[in-house]
Amino acid sequence: MDTFFAVCSLLLLLLSQNAAILGQLDGNTSPASSAPPLRLQPSTPSITHFVNDSFIIFCQTVQKDIDTKWRDPRGQTRENTKGRVHIEKKTGLLALVFEHISLDDRGNWTCEVTGQQNRNVNTEREFFSSFELLVNQKISFGKTEQVQSVREGRDAMVNCFVEGMPAPEVSWLYNGEYINTAVNSSKHNRLSNGLYIRNVSQADAGEYTCRAMRITPTFSDSDQITILLRIQHKPHWFYNETLPMQYAYVGGAVNLSCDAMGEPPPSFTWLHNGKGILGFNHRIFVADYGATLQLNVRNDSQFGDYKCKVANPLGSLERVIKLRPGAKPMGPTRFQLKRLYADAFELDLRTPRMTNVSDEMQIFGYRVAYMSENEFKFSAGNWSHAKQRDFSFHRGQRFIISHLEGNTTYLMRAASRNLAGLSDWSGVKIFATAGGRRWYPSLYPLYALILALIYA
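- Going by the annotation in an unreviewed UniProt entry, the name recorded for the protein chain is Neural cell adhesion molecule 2, with Drosophila madeirensis given as the source organism.

The following block contains the structure:
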């Protein structure tokens with residue numbers, strides 16, 4: 001850099017001397033016809049940069065020990081030699097350095113020198129050269145929140161704080177579809193800081209895309225941000241299929257479900273006969289929009305009324321499920337392979353009609369659990385990892401387990417279903433899809449024992 005400054009100074013000095021000699025030969029020594037005492041490098045009337053770019057420009061003078069200075073767009077002299085914008089002095093050169101350009105740097109920057117107008121007369125004259133710094137700002141979305149909420153029934157503002165210089169044009173999309181934001185729109189209006197929506201309902205919830213675009217003579221760009229709009233509302237039931245009365249039997253299990261929508265997501269509380277549920281014979285599984293109470297019924301005291309209370313800051317609701325004693329279903333008396341396919345089994349399942357129970361407690365279907373041979377090995381015989389398929393009785397019902405892997409051995413067991421729950425599981429059957437090894441039920445105990453020893 002020092003060599004560069006030295007070479008530039010020498011060249012400018014030689015040019016100045018040659019110009020002076022030529023002026024004397026021409027008989028014209030007026031200042032107006034002499035070469036200007038300074039020039040900018042790069043020499044251009046305007047320069048364009050983006051925010052945070054780096055940039056340096058030199059003010060070159062012909063004479064040594066000449067008073068040179070830079071003025072910013074506000075007319076203030078820059079004298080600092082450190083900082084984001086500073087000067088660096090060398091012989092015949094005064095550099096203006098922008099380490100990180102900001103929007104505040106926009107405007108005309110001027111290099112000024114004070115030189116002698118006539119060598120024989122001690123008079124001074126000011127010379128100056130300027131350039132305009134144009135600053136562009138990349139599109140950004142500032143502090144725009146990507147999840148926003150508004151109360152149902154009110155007018156809403158989906159905030160989108162678009163930043164950029166020159167200012168970009170903004171358009172809006174809802175779930176990927178263009179939104180008409182014309183001035184005469186009765187629903188939407190585009191404002192400088194977002195999208196205005198009148199009288200929002202739950203139908204207005206979804207994804208809103210704020211898209212910014214600009215085209216200038218020198219460049220074009222675009223960017224966008226997607227905002228999830230949630231509509232705040234009091235809870236309402238998600239499903240209306242929950243039975244007001246359910247059944248279970250001592251020694252069995254039952255799931256009581258309570259599903260409700262709300263924004264903010266509601267809380268769920270379960271009560272048994274008006275009191276909190278105590279003990280270790282239950283589990284509660286909570287999601288954003290539902291809670292399931294799983295009961296392991298150990299004695300008759302667990303029957304009764306179970307109340308689910310749902311609440312958020314905007315409202316609450318509750319529902320009572322009556323849990324009553326029911327009859328334990330009889331397990332399948334026939335469980336065998338009826339027809340074999342390359343990727344499916346058709347099963348033959350039968351259970352006799354139960355006696356001494358009401359018609360509503362009769363068996364209405366089956367549940368089949370199954371695992372492939374490899375899945376059984378991987379889980380070390382743990383049936384909680386098995387796939388399940390529920391079947392209900394109706395005219396022409398066929399019990400088909402489909403979408404199986406070809407040439408694969410499967411382990412299966414079945415249970416009967418009634419309103420009170422599941423029967424005891426049947427013994428495990430081993431079947432193979434077409435091309436697989438064939439296993440026989442009599443060999444299963446030995447096979448299971450071997451697997452248990454290997455994967456224990």
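## Details of the sheet that holds strand β28 (residues 345-350)
Right, so step 1: Spatially, the three strands line up as an open sheet ordered β27-β28-β31, and their pairing is antiparallel. Every interior strand has two partners, whereas the edge strands, β27 (334-340) and β31 (399-401), have only one. Strand-to-strand twist across the sheet, computed as the mean angle between neighbouring axes with direction ignored, equals 35°.

## Quick look at a nonpolar patch on the surface
Right, so step 1: Taken together, the side chains of Phe364, Phe393 and Leu419 present a nonpolar region at the surface, about 240 Å² in accessible area.
Right, so step 2: Owing to a relative accessible area of 40%, phenylalanine 393 belongs among the partly exposed residues under this scheme.

## Here's the deal with the side chain of threonine 408
Right, so step 1: With respect to the element layout, threonine 408 can be found in the loop between β31 and β32 (409-418).
Right, so step 2: A polar contact is formed between the side chain of threonine 408 and the backbone oxygen of glycine 406, at a distance of 2.9 Å.

## Observations regarding the packing of aromatic side chains
Right, so step 1: Within the structure shown, the criterion is met by 14 aromatic pairs.
Right, so step 2: Note on tryptophan 70 and phenylalanine 131: the rings are 6.1 Å apart at their centroids and 85° apart in plane angle, and the pair reads as edge-to-face. Taken together, the residues span a long stretch of sequence, with tryptophan 70 in strand β4 (residues 67-71) and phenylalanine 131 in strand β9 (residues 121-140) at a distance of 61 residues.
Right, so step 3: When its relative accessible area of 1% is taken as the criterion, phenylalanine 131 is described as buried.
Right, so step 4: With a centroid separation of 6.4 Å and 85° between ring planes, the pair formed by phenylalanine 335 and phenylalanine 431 is classed as edge-to-face. Of this pair, phenylalanine 335 sits in strand β27 while phenylalanine 431 sits in strand β34 (residues 429-432); the two residues are 96 residues apart in sequence, bridging distant segments of the chain. Across the pair, phenylalanine 431 and phenylalanine 335 agree in class, each one buried.
Right, so step 5: Chaining the aromatic ring pairs together yields one cluster made of Phe55, Trp70, Phe98, Trp109 and Phe131.

## Examining the environment of serine 54
Right, so step 1: Counting through the fold element by element, serine 54 comes out in the loop between β2 (46-50) and β3 (55-61).
Right, so step 2: Measuring from C-alpha to C-alpha, the distance between serine 54 and valine 97 comes to 8.0 Å, with 43 residues separating the pair along the chain.
Right, so step 3: Look past the residues within four positions of serine 54 in its chain and what remains in contact with it is His49, Phe98 and Glu99.
Right, so step 4: Separated by 2.7 Å, the side chain of serine 54 and the backbone oxygen of glutamate 99 make a polar contact.

Cut-offs and rules
Residues numbered from 1 in each chain as written. Predicted model: local features only at pLDDT ≥ 70, side-chain atom pairs only at ≥ 80, totals over all residues. Heavy atoms only, no water. Pairing = 2+ DSSP bridges. Helix = DSSP H or I, 4+ residues; strand = E, 2+ residues; numbered from the N terminus. Axes fitted to C-alpha atoms, helices over the stretch in contact; angles between N-to-C directions. Patch = residues over 30% accessible without salt bridge, like charges linked within 9 Å, V, L, I, M, F, W, Y side chains within 5 Å. Areas by Shrake-Rupley, 256 points an atom, 1.4 Å probe, with all protein chains shown as cover. Salt bridge = Lys/Arg side-chain N within 4 Å of Asp/Glu carboxyl O. Buried < 20%, exposed > 50% of the residue type's maximum accessible area, 1.4 Å probe, protein only. Polar contact = N/O pair within 3.5 Å; in protein donor to acceptor, adjacent residues only side chain to side chain. Phe/Tyr/Trp six-rings, centres within 6.5 Å; stacked < 30°, edge-to-face > 60°. Contact = heavy atoms within 4.5 Å.

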